Amino acid sequence: MTIYMQGAARAAKEVPITDAERKARIELAACYRIFDMLGWVEMIFNHITVRVPGPAVAGPDSLRFLINPFGLHYREITASSLVLIDIDGNPVRETKWPVNRAGFVIHSALHGAIGEAHCVMHTHTTSGVAVACLEEGLSPHNFYGAMLHGQVAYHEFEGITVNPGEKERLLRSIGNKRAVILRNHGLLAWGPSVPEAFLTLWSLQRACDVQIAASAAGKVHPINPEVFPQAVREGGPAEKRTCEDAFAALQRMVDARDPSYRD
């Protein structure tokens, strides 16, 4: 089985929605629509998750996070359709949608073990998977790659991520790095907020796009290694305000196109 269906016993409990959860639902639904707008979609697959803030996550046994309902395209996701699950993958409230097990395994590993992993994002974009398949991995020799120099973790491919035993190995691979390349698989990013995780992933995605385009055009001109520390220090992902402003600008674009994600 690659999915978890909702558990009736857990779903029967009435769990009130807090103001913090409502805000998290709207922000996460907006993020799904932004991914769709950018073309970072894989039919009904891949995931963006957000840990629900507040007393409900006071301890590891009560950790809860929002995930997309398995079966909906990102373009269809709304704040109310997101599924709240616990650390074991059980829906906290009644839902007609299942949860994808691969999404649960990867995301629960980070949410459960990394205190700052408020938001976790995973994609299978063409250039992202292409770079993940390259022996040398991500090149630092472009504007975006330079910002991520020394900031990217790598995790070896172990097949479809449905085995809970992979969690520990995934966490060892990631350490404290917020940009991750899953070898032969795709891209992953996490952060203390949705905007911060987003700009990390956006920068990683752009670095992959440029790398694939440049490598097809000819020999790449290398960047002086002395430049890398400054590029990392001054890059967008390192600036919280920049992350927030970039995400807000894209959310305004989504609102102008179709604000139904807020429902």
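What comes next concerns the included structure.

Cut-offs used in this document
Residues numbered from 1 in each chain as written. Predicted model: local features only at pLDDT ≥ 70, side-chain atom pairs only at ≥ 80, totals over all residues. Heavy atoms only, no water. Helix = DSSP H or I, 4+ residues; strand = E, 2+ residues; numbered from the N terminus. Rg over C-alpha atoms; globule rule 2.2 N^0.38 Å. Buried < 20%, exposed > 50% of the residue type's maximum accessible area, 1.4 Å probe, protein only. Pairing = 2+ DSSP bridges. Axes fitted to C-alpha atoms, helices over the stretch in contact; angles between N-to-C directions. Contact = heavy atoms within 4.5 Å.

**Some remarks on the overall build of the protein**
Part 1 of the reasoning: In terms of helices and strands, the protein carries nine helices and nine strands.
Part 2 of the reasoning: What you see for the protein is a C-alpha radius of gyration of 18 Å, in line with the 18 Å of a compact globule of 263 residues.
Part 3 of the reasoning: C-alpha atoms of the protein, sized along the principal axes, occupy 60 × 40 × 30 Å.
Part 4 of the reasoning: The buried share of the protein, reckoned over its 263 residues, is 48%.

**A look at the pairing of strand β2 (residues 47-51)**
Part 1 of the reasoning: Within β2, five of the five residues are buried, which leaves the element mostly enclosed by the surrounding structure.
Part 2 of the reasoning: Along β2, one buried face is formed by His47, Thr49 and Arg51 and the opposite face, lined by Ile48 and Val50, is buried too.
Part 3 of the reasoning: Judged from the four bridges that link them, β2 and strand β6 (residues 119-123) form a sheet pairing that is antiparallel. From the neighbouring strand, His47 faces β6, where its bridge partner is His122.
Part 4 of the reasoning: Here β2 runs beside strand β3 (residues 64-67); their pairing, made up of two bridges, is antiparallel. Counted as the bridge partner of Val50 is Leu66 from β3.

**Focus: unusual backbone geometry**
Part 1 of the reasoning: Positive phi is not limited to glycine here, since Asn46 has a value of about 70 degrees.
Part 2 of the reasoning: For Asn46, a relative accessible area of 5% puts it in the buried group.
Part 3 of the reasoning: With a phi close to 60 degrees, Asn184 is a non-glycine residue in the positive phi region.
Part 4 of the reasoning: Mapping Asn184 onto the fold places it in the loop between β8 (179-182) and β9 (186-191).
Part 5 of the reasoning: Looking at Asn184, the relative accessible area reads 42%, which means it is partly exposed.

**Some details on the sheet that holds β9**
Part 1 of the reasoning: If you walk across this open sheet you meet the seven strands as β4-β3-β2-β6-β9-β8-β7, and the pairing is mixed. Each edge of the open sheet is held by one strand with a lone partner, namely β4 (83-86) and β7 (152-155). Averaged over neighbouring strand pairs, the angle between their axes works out to 20 degrees when direction is ignored.
Part 2 of the reasoning: Contacts between helix α2 (residues 19-38) and the sheet are confined to β2, β3, β4 and β6, with β2 contributing the most and set at about 160 degrees to the helix.
Part 3 of the reasoning: Along the sheet, helix α6 (residues 166-174) makes contact with β7, β8 and β9, crossing β7 at roughly 150 degrees.

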